[in-house]
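Working through the structure, step by step
Chain residues, written in single-letter form:
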Amino acid sequence: MQVITRDFFLYLSKNKALNRAAQNWGGNIAAGKIVGGLNFPSSIKFIKELNEEGLSVTVDHLGEFVTSTSVAKERTEECIKTIEMIAAEGLDSQVSVKMTSLGLDIDEKLVYENMTRILDTAEKLKIMVTIDMEDEVRCQKTLDIFKDFKQRYTYISTVLQAYLYRTENDLNELNQFKPFLRLVKGAYKESPNVAFPDKADVDENYKKLIKTQLLSGIYTAIATHDDAMIEYTKQLAKDHNILPNQFEFQMLYGMRTATQKKLVKDGYKMRVYVPYGNDWYGYFMRRLAERPANIAFALKGMTKK
Ligand code: FDA
């Protein structure tokens with residue numbers, strides 16, 4: 001039953017007609033729940049509050065699988081403006097961006113142009129830009145883009161997904177660049193030809209990746225809401241004298257808020273992923289696929305005045 005629910009929401013997450021309807025409807029389904037605000041300026045006050053509570057942030061302008069060059073350019077402008085505002089306001093925040101929002105499905109040259117502009121600004125203002133990892137068919141292209149830019153820019157990082165068979169090799173290959181990486185389990189619907197179908201195998205692989213990265217001494221983000229993975233990381237750090245300033249935990253905004261604060265209180269660095277914008281549909285459906293209990297949560301958001 002759980003698998004059916006997950007597959008159903010992941011199927012819906014890619015439904016273009018529903019995505020368009022959601023944007024036109026304009027309802028911020030999860031306002032105050034899982035989305036920071038409808039635009040970046042309206043999210044600033046709220047990011048400051050998170051910072052005051054000791055939480056670092058990464059912001060993501062919602063929107064993915066863009067198929068129009070002009071929209072990809074708008075997304076680029078938005079990303080640049082966001083980086084500039086983060087610096088101007090002195091926020092403790094990074095930026096996350098999806099390559100399909102910058103035109104990966106249109107023309108790779110366009111992505112390179114857009115990313116160059118974003119990274120030029122980020123480098124100047126010393127704001128980290130993380131390339132989110134999307135579905136497996138786009139993984140190689142995304143990693144190629146990352147590797148290319150990483151040789152010229154410092155303020156760039158990306159994400160590796162534990163559910164993919166290929167990830168262990170990717171991690172070893174990427175480590176020659178000593179990159180700041182975010183490790184996640186993976187959020188898309190993938191075939192058993194490319195991804196572990198069993199959760200237990202994903203968890204084992206996730207632990208393996210965490211161990212490789214933490215023992216390598218490269219600063220790493222462990223992005224999970226799973227207590228078992230958090231405890232594993234803490235114990236590993238303790239056993240190998242890895243200091244808390246060599247890694248950070250990351251969680252999505254609205255998820256496990258008490259645990260986020262507790263980690264900060266216990267001396268760990270905690271970064272919250274705050275999405276903003278009205279293109280919330282795909283993001284939201286993936287969250288429902290991960291945890292149907294989020295439905296109740298969302299319904300409250302829909303009826304919230
Ligand atoms: P998982 O879903 O495996 O759940 C394990 C256990 O954790 C549950 O049984 C429950 O006990 C607990 N749990 C999980 N969620 C909970 C909740 N909301 N409340 C209470 N308990 C909960 N994916 C991707 O493909 N590309 C990307 O770029 C990113 N980026 C990203 C950034 C950040 C900051 C995060 C936190 C996650 C991502 N992801 C992602 C999503 C990621 O791949 C994954 O789908 C989700 O984090 C869900 O997996 P978990 O490891 O959190 O726990």
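Residues numbered from 1 in each chain as written. Predicted model: local features only at pLDDT ≥ 70, side-chain atom pairs only at ≥ 80, totals over all residues.

To keep it simple, the criterion reads: UniProt positions are given in the numbering used here, feature names are shortened, and annotations may be inferred rather than shown by experiment.
Where an unreviewed UniProt entry is consulted, the chain appears under the name proline dehydrogenase, with the organism given as Metabacillus sediminilitoris. The annotation that UniProt attaches to the chain under Catalytic activity (unreviewed entry) is "L-proline + a quinone = (S)-1-pyrroline-5-carboxylate + a quinol + H(+)".

Concerning helix α4 (residues 69-89)
Spelled out, the test is: The numbering of helices and of strands both runs from the N terminus, where a helix is a DSSP run of H or I of at least 4 residues and a strand a run of E of at least 2. Given the number of residues in a helix, its expected span is that number minus one, multiplied by 1.5 Å. A residue is called partly exposed when the number of other C-beta atoms within 10 Å of its own lies between 12 and 20, exposed at 12 or fewer, and buried at 20 or more, with C-beta atoms placed from the backbone. It is the directions from the helix axis to the C-beta atoms that the arc portrays.
When the terminal C-alpha atoms of α4 are compared, their 30 Å separation across 21 residues agrees well with the 30 Å that a helix rising 1.5 Å per residue should span. Residues of α4 that are buried include every one of A72, R75, T76, C79, T82, I83 and I86, and no others. The buried side chains of α4 occupy one side of the element, clustering within an arc of 125° when seen end-on. Set apart from the buried face of α4 by more than 90 degrees, the exposed residues are S70, E77 and A88.

Regarding the UniProt feature "binding site: FAD" (unreviewed entry) in the chain
Cut-off, in case you're wondering: The contact rule is simple: place each C-beta atom from the backbone, and if two of them lie within 7 Å, those residues are in contact.
Mapped onto this structure's residue numbering, the UniProt feature "binding site: FAD" (unreviewed entry) falls at M133, Q161, K185, G186, A187, K199, T224 and H225. Its location among the elements puts M133 in the loop between β3 (129-131) and α6 (139-150). Overall, the presence of 26 C-beta atoms within 10 Å leaves M133 in the buried class. Along the chain, T224 turns up in the loop between β6 (220-223) and α9 (227-239). In this structure T224 comes out as buried when scored by C-beta crowding, with 23 C-beta atoms within 10 Å. For T224, the residues in contact, after removing those within four places along its chain, are K185, M229 and I230.

So, the UniProt feature "binding site: substrate" (unreviewed entry) in the chain
According to UniProt, the positions carrying the feature "binding site: substrate" (unreviewed entry) are K98, R286 and R287. When you line up the elements, R286 lands in helix α11 (residues 281-290). As for its position among the elements, R287 is in helix α11. Residue R287 is classed as buried on the basis of its C-beta count, with 24 C-beta atoms lying within 10 Å.

Structural notes on unusual backbone geometry
Despite not being glycine, N241 has its phi angle at roughly 50°, a positive value. When you line up the elements, N241 lands in the loop between α9 and β7 (247-252). A tally of 6 C-beta atoms within 10 Å means that N241 is categorised as exposed. Within the chain, R256 stands out as a residue other than glycine whose phi angle is a positive 50°. Looking at the secondary structure, you find R256 in the loop between β7 and α10 (257-265).

Some words on the packing of helix α5 (residues 108-125) against α6
This is how it is decided: As a rule, the C-alpha atoms of each element are fitted with a line to give its axis, helices using only the stretch in contact, and angles between N-to-C directions run from 0 to 180 degrees. Working definition: roughly parallel below 35 degrees, roughly antiparallel above 145 degrees, roughly perpendicular at 65 to 115 degrees, and oblique for all remaining angles. Crossings are classed by handedness, with left-handed meaning an anticlockwise turn of the near helix from the far one by less than a right angle and right-handed meaning a clockwise turn.
Where α5 contacts α6, the two axes come as close as 12 Å, and the packing angle between them is 40°. Taken as axis vectors, α5 and α6 run oblique relative to one another. Where α5 crosses over α6, the two elements pack in a sense that is right-handed. Seen from α5, the contacting residues are E108, V111, M115 and L119; seen from α6, they are K141, I145 and F149.

Here we look at the pairing of strand β2 (residues 93-97)
So the rule is basically this: In this description, strands pair whenever DSSP reports at least two bridges between them. Looking down the strands as they point away from you, a crossover is right-handed if its path from the first strand over the helix to the second goes clockwise.
When you tally the buried positions in β2, you get 5 out of 5 residues, the bulk of the element. Here β2 shows two buried faces, one formed by S93, V95 and V97 and the other by Q94 and S96. Here strand β1 (residues 56-61) runs beside β2; their pairing, made up of 4 bridges, is parallel. Across the sheet, D60 pairs through a bridge with S96, a residue of β2. After leaving β1, the chain enters α4 and then returns to the sheet as β2, a path that is right-handed. Here 3 bridges tie β2 to β3, and the two strands are oriented parallel to one another. From the neighbouring strand, V95 faces β3, where its bridge partner is V129. For the segment spanning β2, α5 and β3, crossover handedness is right-handed.

As for the environment of I44
Following the sequence through the fold, I44 ends up in helix α3 (residues 41-52). Since 19 C-beta atoms lie within 10 Å of it, I44 is described here as partly exposed. Taking the C-alpha atoms as reference points, I44 and E89, 45 residues apart in sequence, are found 8.2 Å from one another. Other than its neighbours up to four places away in sequence, I44 contacts M85 and E89.

Quick look at the site of the ligand
Selection criterion: For each residue, a C-beta atom is placed from the backbone, and the residue is labelled near a molecule or strand when this atom is within 6 Å of it. In the scheme used here, Gly and all other residues not listed as nonpolar or charged are polar, with Ala, Val, Leu, Ile, Met, Phe, Trp, Tyr, Cys and Pro taken as nonpolar and Asp, Glu, Lys and Arg as charged.
Around the ligand lies a shell of 21 residues, among which D132, V184, A187, T224 and H225 are the nearest. Breaking the shell around the ligand down by element, the ones donating at least two residues are β4 (156-161) and β7. In terms of residue count, β7 provides more of the shell around the ligand than any other element does, 3 residues in total. Of the residues assigned to the shell around the ligand, the class counts are 10 nonpolar, 5 polar and 6 charged.

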